[in-house]
Amino acid sequence: MQEKHYEVVIVGGGISGGALAYTLAQYTDIKSIAIIEKYEGLATLNTKGTANSQTIHCGDIETNYTIDKAKKVKRAADMIAKYCKKHDYIGKFIFEGQKMAIGVGDSEVAFIKDRYEVFKELYPYLEFYDKDKLKQIEPKVIFDSNGNPRPEDVAGLGVQSGAYTTIDFGAMTNTLVENAQKTKGKICDLYLNSEVQNITKVGDKFYIRTANKISVSADFVVVDAGAHSLWLAHKMGYGKNLSAICIAGSFYLTKQKLLNGKVYMVQNPKLPFAALHGDPDLLADGCTRFGPTALTMPKLERYKGCRSVPEFFQSLNFTPKVAKVFWNNFGDSDVRNFLMRNIAFEAPVLGKKLFVKNAKKIIPSIREEDIYYAKGFGGVRAQIIDQDKLELLLGEARIDDNNGVIFNMTPSPGATSCFGNAERDAISICSFLGKKFDAEKFENELVK
Ligand SMILES: Cc1cc2nc3c(=O)[nH]c(=O)nc-3n(C[C@H](O)[C@H](O)[C@H](O)COP(=O)(O)OP(=O)(O)OC[C@H]3O[C@@H](n4cnc5c(N)ncnc54)[C@H](O)[C@@H]3O)c2cc1C
(Lines give C-alpha, C1' and ligand atoms only; values in the text may rest on other atoms or scores of the structure.)
Protein backbone atom coordinates (compact mmCIF):
# COMPACT_ATOMS: atom_id res chain seq x y z
CA MET A 1 0.00 0.00 0.00
CA GLN A 2 1.27 3.49 -0.85
CA GLU A 3 2.23 5.57 2.17
CA LYS A 4 -0.04 8.56 2.91
CA HIS A 5 1.61 11.51 4.58
CA TYR A 6 -0.19 14.07 6.79
CA GLU A 7 0.98 17.16 8.60
CA VAL A 8 -0.80 15.97 11.75
CA VAL A 9 -2.00 12.50 12.74
CA ILE A 10 -4.31 12.16 15.75
CA VAL A 11 -4.46 8.74 17.40
CA GLY A 12 -7.90 8.18 18.97
CA GLY A 13 -11.37 9.14 17.83
CA GLY A 14 -12.90 10.20 21.14
CA ILE A 15 -13.89 13.77 21.99
CA SER A 16 -10.25 14.86 22.52
CA GLY A 17 -9.25 13.70 19.03
CA GLY A 18 -12.45 15.15 17.52
CA ALA A 19 -12.01 18.58 19.16
CA LEU A 20 -8.37 18.73 18.04
CA ALA A 21 -9.24 17.80 14.43
CA TYR A 22 -11.93 20.52 14.39
CA THR A 23 -9.60 23.12 15.94
CA LEU A 24 -6.77 22.37 13.49
CA ALA A 25 -9.13 22.43 10.50
CA GLN A 26 -10.91 25.64 11.49
CA TYR A 27 -8.28 27.75 13.22
CA THR A 28 -4.89 26.86 11.68
CA ASP A 29 -3.33 26.79 8.22
CA ILE A 30 -2.54 23.08 8.60
CA LYS A 31 -3.96 21.42 5.51
CA SER A 32 -3.80 17.66 6.08
CA ILE A 33 -4.99 15.83 9.18
CA ALA A 34 -5.80 12.18 9.85
CA ILE A 35 -7.57 10.53 12.78
CA ILE A 36 -6.67 6.89 13.40
CA GLU A 37 -9.18 5.02 15.54
CA LYS A 38 -8.97 1.39 16.57
CA TYR A 39 -12.70 0.63 16.74
CA GLU A 40 -15.46 0.63 14.15
CA GLY A 41 -16.74 4.11 14.98
CA LEU A 42 -15.96 7.35 16.79
CA ALA A 43 -16.50 7.70 20.55
CA THR A 44 -17.08 4.08 21.47
CA LEU A 45 -15.17 4.21 24.78
CA ASN A 46 -15.24 6.87 27.51
CA THR A 47 -16.74 9.59 25.32
CA LYS A 48 -19.81 7.47 24.51
CA GLY A 49 -23.02 8.96 25.96
CA THR A 50 -23.62 6.00 28.28
CA ALA A 51 -20.00 5.79 29.48
CA ASN A 52 -19.79 9.09 31.37
CA SER A 53 -22.01 11.36 33.45
CA GLN A 54 -23.08 13.61 30.53
CA THR A 55 -22.19 16.66 32.63
CA ILE A 56 -20.65 19.89 31.42
CA HIS A 57 -18.38 20.43 34.40
CA CYS A 58 -18.06 24.19 34.50
CA GLY A 59 -16.93 24.27 38.14
CA ASP A 60 -19.98 25.83 39.80
CA ILE A 61 -21.37 22.73 41.55
CA GLU A 62 -18.23 20.56 41.66
CA THR A 63 -17.34 20.86 45.33
CA ASN A 64 -13.92 19.27 44.82
CA TYR A 65 -12.74 22.12 42.55
CA THR A 66 -10.82 25.04 43.98
CA ILE A 67 -11.67 28.50 42.61
CA ASP A 68 -8.54 28.36 40.37
CA LYS A 69 -9.48 25.00 38.89
CA ALA A 70 -13.06 26.27 38.47
CA LYS A 71 -11.84 29.31 36.44
CA LYS A 72 -9.86 27.03 34.14
CA VAL A 73 -12.66 24.53 33.50
CA LYS A 74 -15.24 27.32 33.11
CA ARG A 75 -13.39 28.80 30.13
CA ALA A 76 -13.24 25.38 28.41
CA ALA A 77 -16.83 24.49 29.35
CA ASP A 78 -18.10 27.75 27.86
CA MET A 79 -16.43 26.81 24.55
CA ILE A 80 -18.62 23.70 24.31
CA ALA A 81 -21.78 25.82 24.55
CA LYS A 82 -20.39 28.33 22.01
CA TYR A 83 -19.55 25.53 19.55
CA CYS A 84 -23.04 24.03 19.94
CA LYS A 85 -24.75 27.41 19.49
CA LYS A 86 -22.65 28.22 16.42
CA HIS A 87 -23.71 24.98 14.73
CA ASP A 88 -27.31 24.98 16.00
CA TYR A 89 -27.03 21.86 18.18
CA ILE A 90 -28.93 23.26 21.18
CA GLY A 91 -31.77 20.86 22.04
CA LYS A 92 -30.27 18.18 19.79
CA PHE A 93 -27.56 16.72 22.01
CA ILE A 94 -26.93 19.55 24.49
CA PHE A 95 -29.59 20.71 26.95
CA GLU A 96 -30.32 23.38 29.52
CA GLY A 97 -31.51 22.27 32.92
CA GLN A 98 -31.50 22.57 36.67
CA LYS A 99 -28.40 21.59 38.62
CA MET A 100 -27.22 21.86 42.18
CA ALA A 101 -24.75 20.63 44.79
CA ILE A 102 -26.39 19.77 48.10
CA GLY A 103 -25.04 19.59 51.62
CA VAL A 104 -26.77 17.28 54.11
CA GLY A 105 -26.34 17.90 57.86
CA ASP A 106 -25.01 20.96 59.66
CA SER A 107 -21.35 20.82 58.60
CA GLU A 108 -22.12 20.24 54.91
CA VAL A 109 -24.78 22.98 54.99
CA ALA A 110 -22.18 25.38 56.42
CA PHE A 111 -19.76 24.28 53.66
CA ILE A 112 -22.38 24.99 50.95
CA LYS A 113 -23.12 28.44 52.43
CA ASP A 114 -19.41 29.37 52.47
CA ARG A 115 -18.86 28.04 48.98
CA TYR A 116 -21.81 29.99 47.64
CA GLU A 117 -20.30 33.25 49.01
CA VAL A 118 -16.94 32.54 47.32
CA PHE A 119 -18.20 31.15 44.00
CA LYS A 120 -21.06 33.59 43.26
CA GLU A 121 -18.56 36.15 41.96
CA LEU A 122 -17.29 33.81 39.24
CA TYR A 123 -20.78 32.42 38.57
CA PRO A 124 -23.21 35.37 39.07
CA TYR A 125 -26.21 33.20 38.21
CA LEU A 126 -25.62 30.86 41.20
CA GLU A 127 -28.49 30.65 43.70
CA PHE A 128 -28.55 29.44 47.29
CA TYR A 129 -31.40 27.06 48.20
CA ASP A 130 -32.55 26.43 51.76
CA LYS A 131 -34.62 23.41 52.75
CA ASP A 132 -37.96 25.15 52.00
CA LYS A 133 -36.85 26.15 48.52
CA LEU A 134 -35.59 22.61 47.86
CA LYS A 135 -39.02 21.25 48.81
CA GLN A 136 -40.40 23.14 45.80
CA ILE A 137 -37.71 22.68 43.19
CA GLU A 138 -36.29 19.21 43.98
CA PRO A 139 -38.85 17.66 46.37
CA LYS A 140 -37.47 14.10 46.27
CA VAL A 141 -34.31 15.38 47.95
CA ILE A 142 -36.30 16.45 51.00
CA PHE A 143 -39.28 14.14 51.56
CA ASP A 144 -39.14 10.59 52.88
CA SER A 145 -41.43 7.75 51.77
CA ASN A 146 -44.17 8.89 54.23
CA GLY A 147 -44.11 12.38 52.75
CA ASN A 148 -42.34 13.87 55.79
CA PRO A 149 -39.32 16.18 55.41
CA ARG A 150 -36.02 14.45 56.32
CA PRO A 151 -34.77 15.43 59.81
CA GLU A 152 -31.35 16.84 58.85
CA ASP A 153 -30.83 20.33 57.52
CA VAL A 154 -30.18 20.43 53.76
CA ALA A 155 -28.97 23.29 51.56
CA GLY A 156 -28.04 23.60 47.93
CA LEU A 157 -26.29 25.91 45.52
CA GLY A 158 -27.05 25.83 41.84
CA VAL A 159 -29.17 27.21 39.05
CA GLN A 160 -32.70 26.44 37.89
CA SER A 161 -32.53 27.45 34.24
CA GLY A 162 -30.41 29.17 31.62
CA ALA A 163 -27.30 26.99 32.03
CA TYR A 164 -26.25 24.23 29.65
CA THR A 165 -25.84 21.28 31.96
CA THR A 166 -26.16 18.05 30.01
CA ILE A 167 -24.63 16.73 26.82
CA ASP A 168 -24.12 13.55 24.82
CA PHE A 169 -20.36 13.90 24.29
CA GLY A 170 -20.44 10.99 21.82
CA ALA A 171 -22.90 12.77 19.53
CA MET A 172 -20.82 15.93 19.78
CA THR A 173 -17.68 14.01 18.71
CA ASN A 174 -19.36 12.89 15.49
CA THR A 175 -20.21 16.51 14.65
CA LEU A 176 -16.66 17.68 15.41
CA VAL A 177 -15.19 15.24 12.90
CA GLU A 178 -17.91 15.92 10.30
CA ASN A 179 -17.34 19.67 10.59
CA ALA A 180 -13.55 19.23 10.36
CA GLN A 181 -14.04 17.15 7.21
CA LYS A 182 -16.36 19.79 5.70
CA THR A 183 -13.82 22.61 6.18
CA LYS A 184 -12.90 24.05 2.79
CA GLY A 185 -9.38 23.39 1.54
CA LYS A 186 -8.61 20.88 4.30
CA ILE A 187 -8.12 17.12 4.26
CA CYS A 188 -9.33 15.30 7.36
CA ASP A 189 -9.19 11.55 6.77
CA LEU A 190 -10.64 9.09 9.26
CA TYR A 191 -9.20 5.57 9.52
CA LEU A 192 -11.45 3.23 11.51
CA ASN A 193 -10.65 -0.33 12.69
CA SER A 194 -6.99 0.72 12.78
CA GLU A 195 -5.29 0.05 16.09
CA VAL A 196 -2.01 1.93 16.41
CA GLN A 197 0.64 -0.44 17.75
CA ASN A 198 3.73 1.68 17.45
CA ILE A 199 4.94 5.10 16.37
CA THR A 200 8.55 5.45 15.25
CA LYS A 201 10.41 8.66 14.50
CA VAL A 202 12.92 8.55 11.64
CA GLY A 203 14.52 11.90 10.93
CA ASP A 204 11.70 14.46 11.06
CA LYS A 205 8.98 11.99 10.16
CA PHE A 206 6.76 9.78 12.32
CA TYR A 207 5.77 6.35 10.95
CA ILE A 208 2.57 4.94 12.40
CA ARG A 209 2.22 1.16 12.52
CA THR A 210 -1.31 -0.20 12.86
CA ALA A 211 -2.70 -3.72 13.31
CA ASN A 212 -4.44 -3.56 9.90
CA LYS A 213 -1.22 -2.32 8.27
CA ILE A 214 -2.36 1.02 6.81
CA SER A 215 0.66 3.01 5.74
CA VAL A 216 0.62 6.47 7.29
CA SER A 217 3.28 8.98 8.27
CA ALA A 218 3.14 12.45 9.82
CA ASP A 219 5.12 15.55 10.71
CA PHE A 220 3.41 15.70 14.11
CA VAL A 221 1.47 13.10 16.14
CA VAL A 222 -0.99 13.71 18.96
CA VAL A 223 -2.01 10.65 20.96
CA ASP A 224 -5.53 11.24 22.24
CA ALA A 225 -6.12 7.59 23.11
CA GLY A 226 -7.65 8.19 26.57
CA ALA A 227 -6.62 5.45 28.99
CA HIS A 228 -4.27 3.99 26.29
CA SER A 229 -2.20 7.14 25.79
CA LEU A 230 0.36 6.33 28.48
CA TRP A 231 0.75 2.79 27.11
CA LEU A 232 1.70 4.22 23.69
CA ALA A 233 3.97 6.81 25.35
CA HIS A 234 5.85 4.08 27.24
CA LYS A 235 6.25 2.11 23.97
CA MET A 236 7.94 5.16 22.44
CA GLY A 237 10.11 5.70 25.53
CA TYR A 238 8.22 8.71 26.88
CA GLY A 239 6.68 9.26 30.34
CA LYS A 240 8.66 6.51 32.06
CA ASN A 241 8.24 8.43 35.35
CA LEU A 242 4.45 8.13 35.02
CA SER A 243 2.14 5.22 35.87
CA ALA A 244 -1.59 4.78 35.39
CA ILE A 245 -4.20 3.17 37.59
CA CYS A 246 -7.68 2.57 36.25
CA ILE A 247 -10.79 3.54 38.15
CA ALA A 248 -13.92 2.37 36.40
CA GLY A 249 -17.25 4.05 37.07
CA SER A 250 -20.56 2.18 36.96
CA PHE A 251 -24.10 3.52 37.31
CA TYR A 252 -27.51 2.49 38.65
CA LEU A 253 -30.69 3.62 36.91
CA THR A 254 -34.16 4.19 38.30
CA LYS A 255 -37.28 2.92 36.57
CA GLN A 256 -38.90 6.39 36.73
CA LYS A 257 -37.90 10.03 36.50
CA LEU A 258 -37.20 10.99 40.11
CA LEU A 259 -35.07 14.11 39.92
CA ASN A 260 -35.79 17.32 38.00
CA GLY A 261 -32.12 18.07 37.42
CA LYS A 262 -28.57 17.21 38.40
CA VAL A 263 -27.97 16.74 42.11
CA TYR A 264 -24.33 16.52 43.16
CA MET A 265 -23.13 16.02 46.74
CA VAL A 266 -20.32 17.46 48.82
CA GLN A 267 -17.18 15.45 48.22
CA ASN A 268 -15.42 13.84 51.16
CA PRO A 269 -11.98 15.59 51.04
CA LYS A 270 -10.25 12.33 52.03
CA LEU A 271 -11.46 10.58 48.88
CA PRO A 272 -9.70 11.17 45.59
CA PHE A 273 -12.91 10.47 43.62
CA ALA A 274 -16.02 12.53 42.90
CA ALA A 275 -19.00 11.98 45.18
CA LEU A 276 -22.04 10.09 43.98
CA HIS A 277 -24.60 12.15 42.09
CA GLY A 278 -28.02 11.64 40.56
CA ASP A 279 -29.37 13.15 37.36
CA PRO A 280 -31.79 12.62 34.50
CA ASP A 281 -30.16 10.43 31.83
CA LEU A 282 -30.37 11.74 28.27
CA LEU A 283 -30.22 8.24 26.82
CA ALA A 284 -32.60 6.52 29.27
CA ASP A 285 -35.71 8.65 28.82
CA GLY A 286 -34.77 11.06 31.60
CA CYS A 287 -34.89 8.34 34.28
CA THR A 288 -32.50 9.11 37.11
CA ARG A 289 -28.97 7.78 36.82
CA PHE A 290 -26.90 7.44 40.01
CA GLY A 291 -23.14 7.14 39.98
CA PRO A 292 -20.41 6.88 39.06
CA THR A 293 -18.97 4.29 41.40
CA ALA A 294 -15.20 4.03 41.77
CA LEU A 295 -14.09 0.51 40.94
CA THR A 296 -10.38 -0.29 40.68
CA MET A 297 -9.89 -2.50 37.63
CA PRO A 298 -6.81 -4.07 35.92
CA LYS A 299 -7.94 -3.04 32.42
CA LEU A 300 -7.73 0.05 30.22
CA GLU A 301 -11.23 -0.38 28.82
CA ARG A 302 -14.49 -2.07 29.78
CA TYR A 303 -16.82 -4.44 27.96
CA LYS A 304 -14.12 -5.68 25.57
CA GLY A 305 -13.02 -8.82 27.40
CA CYS A 306 -9.52 -9.05 28.86
CA ARG A 307 -7.50 -7.81 25.90
CA SER A 308 -6.37 -4.61 27.64
CA VAL A 309 -5.14 -6.39 30.82
CA PRO A 310 -1.48 -6.69 29.63
CA GLU A 311 -1.56 -3.04 28.52
CA PHE A 312 -2.84 -2.09 31.99
CA PHE A 313 0.15 -3.75 33.70
CA GLN A 314 2.57 -2.12 31.25
CA SER A 315 1.02 1.30 31.97
CA LEU A 316 1.05 0.66 35.72
CA ASN A 317 4.84 0.36 35.56
CA PHE A 318 4.90 -0.85 39.18
CA THR A 319 7.89 0.30 41.26
CA PRO A 320 8.51 0.90 44.99
CA LYS A 321 7.61 4.57 44.33
CA VAL A 322 4.21 3.53 42.96
CA ALA A 323 3.72 1.34 46.06
CA LYS A 324 4.47 4.41 48.21
CA VAL A 325 1.89 6.53 46.35
CA PHE A 326 -0.65 3.70 46.80
CA TRP A 327 0.04 3.61 50.52
CA ASN A 328 -0.16 7.41 50.86
CA ASN A 329 -3.49 7.56 49.05
CA PHE A 330 -5.19 4.29 49.90
CA GLY A 331 -3.64 3.44 53.28
CA ASP A 332 -6.31 5.40 55.17
CA SER A 333 -9.05 3.09 56.49
CA ASP A 334 -11.85 5.42 55.24
CA VAL A 335 -10.46 5.29 51.70
CA ARG A 336 -9.96 1.50 51.87
CA ASN A 337 -13.53 0.99 53.09
CA PHE A 338 -14.78 3.26 50.32
CA LEU A 339 -12.92 1.20 47.69
CA MET A 340 -14.20 -2.11 49.14
CA ARG A 341 -17.76 -0.74 49.15
CA ASN A 342 -17.38 0.24 45.51
CA ILE A 343 -16.24 -3.28 44.58
CA ALA A 344 -19.32 -4.62 46.39
CA PHE A 345 -21.60 -2.31 44.35
CA GLU A 346 -20.89 -4.57 41.36
CA ALA A 347 -22.16 -7.74 43.12
CA PRO A 348 -25.50 -8.90 41.66
CA VAL A 349 -27.83 -8.75 44.73
CA LEU A 350 -25.77 -7.32 47.56
CA GLY A 351 -24.56 -4.50 45.28
CA LYS A 352 -28.02 -3.03 44.88
CA LYS A 353 -28.76 -3.32 48.61
CA LEU A 354 -25.58 -1.43 49.48
CA PHE A 355 -25.90 1.10 46.69
CA VAL A 356 -29.42 2.12 47.62
CA LYS A 357 -28.19 3.03 51.12
CA ASN A 358 -25.78 5.54 49.55
CA ALA A 359 -28.38 6.87 47.12
CA LYS A 360 -30.68 7.62 50.09
CA LYS A 361 -28.45 10.54 50.95
CA ILE A 362 -29.80 12.14 47.76
CA ILE A 363 -33.33 10.68 47.71
CA PRO A 364 -34.39 9.50 51.20
CA SER A 365 -37.47 7.69 49.87
CA ILE A 366 -35.64 5.54 47.32
CA ARG A 367 -36.12 1.75 47.66
CA GLU A 368 -34.22 -1.23 46.32
CA GLU A 369 -37.02 -2.04 43.88
CA ASP A 370 -36.74 1.45 42.35
CA ILE A 371 -33.25 0.91 40.91
CA TYR A 372 -31.30 -1.51 38.75
CA TYR A 373 -27.66 -1.89 37.75
CA ALA A 374 -27.11 -0.06 34.43
CA LYS A 375 -25.54 -2.87 32.42
CA GLY A 376 -23.08 -1.73 29.75
CA PHE A 377 -22.92 1.82 31.15
CA GLY A 378 -19.76 3.42 32.50
CA GLY A 379 -16.16 3.83 31.48
CA VAL A 380 -12.64 3.95 32.86
CA ARG A 381 -10.72 6.89 34.31
CA ALA A 382 -6.97 6.39 34.01
CA GLN A 383 -5.52 8.35 36.94
CA ILE A 384 -1.86 9.14 36.57
CA ILE A 385 0.82 8.67 39.22
CA ASP A 386 3.85 10.95 39.01
CA GLN A 387 6.70 8.85 40.43
CA ASP A 388 9.09 11.81 40.68
CA LYS A 389 6.68 13.84 42.77
CA LEU A 390 5.24 10.74 44.53
CA GLU A 391 1.80 12.10 43.68
CA LEU A 392 -1.51 10.74 42.39
CA LEU A 393 -2.67 13.35 39.86
CA LEU A 394 -6.40 13.77 40.11
CA GLY A 395 -6.98 15.58 36.85
CA GLU A 396 -5.64 15.31 33.35
CA ALA A 397 -1.99 14.81 32.38
CA ARG A 398 0.07 15.49 29.28
CA ILE A 399 3.49 14.67 27.88
CA ASP A 400 4.94 17.21 25.45
CA ASP A 401 8.73 17.19 25.15
CA ASN A 402 8.68 19.55 22.15
CA ASN A 403 9.73 16.65 19.95
CA GLY A 404 6.75 16.50 17.56
CA VAL A 405 4.58 14.18 19.63
CA ILE A 406 2.06 14.88 22.41
CA PHE A 407 0.29 12.33 24.66
CA ASN A 408 -2.90 13.36 26.47
CA MET A 409 -4.29 11.42 29.44
CA THR A 410 -7.86 12.50 30.03
CA PRO A 411 -9.82 11.36 33.07
CA SER A 412 -12.77 13.53 34.19
CA PRO A 413 -13.43 16.33 33.29
CA GLY A 414 -11.60 15.54 30.05
CA ALA A 415 -14.69 15.71 27.86
CA THR A 416 -15.65 19.16 29.17
CA SER A 417 -12.10 20.44 28.66
CA CYS A 418 -11.74 19.06 25.10
CA PHE A 419 -11.54 22.50 23.46
CA GLY A 420 -9.19 23.88 26.12
CA ASN A 421 -6.85 20.94 25.48
CA ALA A 422 -7.25 21.25 21.70
CA GLU A 423 -6.38 24.97 21.82
CA ARG A 424 -3.24 24.29 23.89
CA ASP A 425 -2.16 21.43 21.56
CA ALA A 426 -2.91 23.44 18.39
CA ILE A 427 -0.62 26.22 19.68
CA SER A 428 2.19 23.70 20.38
CA ILE A 429 1.76 22.00 16.99
CA CYS A 430 1.79 25.29 15.07
CA SER A 431 4.84 26.53 16.92
CA PHE A 432 6.70 23.24 16.18
CA LEU A 433 5.70 23.08 12.49
CA GLY A 434 6.01 26.81 11.79
CA LYS A 435 2.26 27.11 11.10
CA LYS A 436 -0.25 29.76 12.15
CA PHE A 437 -2.88 29.40 14.88
CA ASP A 438 -5.60 32.01 14.34
CA ALA A 439 -6.05 32.96 17.99
CA GLU A 440 -8.35 35.88 17.17
CA LYS A 441 -10.82 33.73 15.20
CA PHE A 442 -10.70 31.08 17.94
CA GLU A 443 -11.40 33.72 20.63
CA ASN A 444 -14.22 35.30 18.62
CA GLU A 445 -15.96 32.04 17.78
CA LEU A 446 -15.41 29.91 20.88
CA VAL A 447 -14.48 32.17 23.77
CA LYS A 448 -16.05 35.66 23.67
C1 LIG B 1 -17.70 7.11 34.76
C2 LIG B 1 -17.18 8.34 34.09
C3 LIG B 1 -17.90 9.53 34.17
C4 LIG B 1 -17.42 10.68 33.54
N5 LIG B 1 -18.19 11.80 33.54
C6 LIG B 1 -17.76 12.90 32.88
C7 LIG B 1 -18.59 14.05 32.80
O8 LIG B 1 -19.73 14.06 33.26
N9 LIG B 1 -18.10 15.15 32.17
C10 LIG B 1 -16.83 15.17 31.63
O11 LIG B 1 -16.44 16.19 31.10
N12 LIG B 1 -16.05 14.08 31.65
C13 LIG B 1 -16.49 12.95 32.24
N14 LIG B 1 -15.73 11.82 32.25
C15 LIG B 1 -14.44 11.85 31.56
C16 LIG B 1 -14.65 11.74 30.04
O17 LIG B 1 -15.48 10.68 29.72
C18 LIG B 1 -13.29 11.60 29.39
O19 LIG B 1 -12.43 12.59 29.89
C20 LIG B 1 -13.35 11.77 27.87
O21 LIG B 1 -14.34 10.97 27.31
C22 LIG B 1 -11.98 11.46 27.29
O23 LIG B 1 -12.08 11.55 25.90
P24 LIG B 1 -10.86 11.05 25.04
O25 LIG B 1 -11.21 11.30 23.63
O26 LIG B 1 -9.62 11.65 25.55
O27 LIG B 1 -10.75 9.48 25.37
P28 LIG B 1 -11.72 8.28 24.95
O29 LIG B 1 -13.12 8.69 24.88
O30 LIG B 1 -11.37 7.16 25.83
O31 LIG B 1 -11.26 8.00 23.47
C32 LIG B 1 -10.01 7.45 23.19
C33 LIG B 1 -10.11 6.84 21.80
O34 LIG B 1 -8.82 6.34 21.45
C35 LIG B 1 -9.00 5.09 20.82
N36 LIG B 1 -7.77 4.33 20.96
C37 LIG B 1 -7.21 3.84 22.09
N38 LIG B 1 -6.07 3.19 21.80
C39 LIG B 1 -5.90 3.31 20.48
C40 LIG B 1 -4.90 2.83 19.60
N41 LIG B 1 -3.85 2.13 20.03
N42 LIG B 1 -5.02 3.10 18.28
C43 LIG B 1 -6.09 3.82 17.78
N44 LIG B 1 -7.07 4.28 18.61
C45 LIG B 1 -6.96 4.02 19.93
C46 LIG B 1 -10.16 4.46 21.57
O47 LIG B 1 -10.76 3.41 20.85
C48 LIG B 1 -11.07 5.65 21.76
O49 LIG B 1 -11.98 5.84 20.72
C50 LIG B 1 -16.19 10.64 32.84
C51 LIG B 1 -15.47 9.45 32.75
C52 LIG B 1 -15.97 8.30 33.34
C53 LIG B 1 -15.22 7.02 33.19
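All figures in this text were calculated on a predicted structure; none of them were measured in a lab.

1. Remarks on the nonpolar core
Residues Val8, Val9, Ala21, Ile33, Val221 and Cys246 are the most contacted members of the largest nonpolar core, which totals 88 residues. The leading source of residues in this core is helix H1 (residues 15–27), at eight residues. With sequence-adjacent residues up to four places away left out, Val221 is seen in contact with Val9, Val11, Ile199, Phe206, Gly404 and Val405. Listed in part, the 33 residues of the second largest apolar core include Met100, Val154, Val263 and Met265.

2. Some words on the sheet that holds strand S12 (residues 242–249)
Pairing within the open sheet is antiparallel, and its four strands lie in the order S17-S12-S19-S20. The open sheet terminates on both sides in strands that have one partner only, identified here as strand S17 (295–296) and strand S20 (391–393). Summarising the sheet, strand S19 (residues 379–386) and S20 pair through three bridges and their orientation is antiparallel. Looking across to S20, one finds that Ile385 is bridged to Leu392. Helix-sheet contacts for helix H8 (residues 320–330) involve S12, S19 and S20, and the interaxial angle to S20 is about 75°.

3. A word on the environment of Leu295
Structurally, the position occupied by Leu295 is in strand S17. Along the primary structure Leu295 and Tyr164 are separated by 131 residues, whereas in three dimensions their C-alpha atoms are 29 Å apart.

4. Observations regarding the site of the ligand
The environment of the ligand is made up of 40 residues, and the closest members are Gly12, Gly14, Gly226, Gly249 and Gly414. For the shell around the ligand, the elements supplying multiple residues, two or more each, are H1 and S19. Of the residues assigned to the shell around the ligand, the class counts are 13 nonpolar, 22 polar and five charged.

5. A look at the packing of H1 against helix H11 (residues 418–433)
Between H1 and H11, the least distance of the axes is 8 Å, while the angle of their chain directions is 50°. As far as their axial angle goes, H11 and H1 are oblique. Pair H1 / H11 crosses with right-handed handedness. On H11, the residues touching Ile15, Ser16, Ala19, Leu20, Thr23, Leu24 and Tyr27 of H1 are Cys418, Phe419, Asn421, Ala422, Glu423, Asp425 and Ala426.

6. Some thoughts on helix H5 (residues 169–182)
Helix length check: H5, at 14 residues, gives a terminal C-alpha distance of 20 Å against a target of 20 Å (1.5 Å per residue), a fit within 8%. Within H5, the full set of buried residues consists of Phe169, Gly170, Met172, Thr173, Leu176, Val177 and Ala180. For H5, the angular spread of the buried residues around the axis is 155°, confining them to a single face. Where H5 is buried, its residues contact H1, strand S2 (32–36), strand S7 (164–167) and strand S8 (187–191).

7. Description of the domain arrangement of the protein chain
If you check the domain split of the protein chain, you get domain 1 (4–98 + 161–447) and domain 2 (99–160). Distance between the C-alpha centres of domain 1 and domain 2: 29 Å. If you look at the interface, domain 1 gives 27 residues, while domain 2 gives 27 residues. Contributions of two or more residues to the side of domain 1 that touches domain 2 are made by helix H2 (67–86) and strand S14 (262–265). When the residues that make up the side of domain 1 that touches domain 2 are grouped by side-chain class, the tally is 13 nonpolar, nine polar and five charged.

The rules behind these values
Residues numbered from 1 in each chain as written. Predicted model: local features only at pLDDT ≥ 70, side-chain atom pairs only at ≥ 80, totals over all residues. Core = buried A, V, L, I, M, F, W, Y, C linked by C-beta atoms within 7 Å. Buried ≥ 20, exposed ≤ 12 C-beta atoms within 10 Å, placed from the backbone. Helix = DSSP H or I, 4+ residues; strand = E, 2+ residues; numbered from the N terminus. Contact = placed C-beta atoms within 7 Å. Pairing = 2+ DSSP bridges. Axes fitted to C-alpha atoms, helices over the stretch in contact; angles between N-to-C directions. Near = placed C-beta within 6 Å. Nonpolar A, V, L, I, M, F, W, Y, C, P; charged D, E, K, R; others polar. Parallel < 35°, antiparallel > 145°, perpendicular 65-115°, else oblique. Left-handed = near helix turned anticlockwise from the far one by under 90°. Expected span 1.5 Å × (residues − 1). Arc of directions from axis to C-beta. Domains from an automatic or database assignment.

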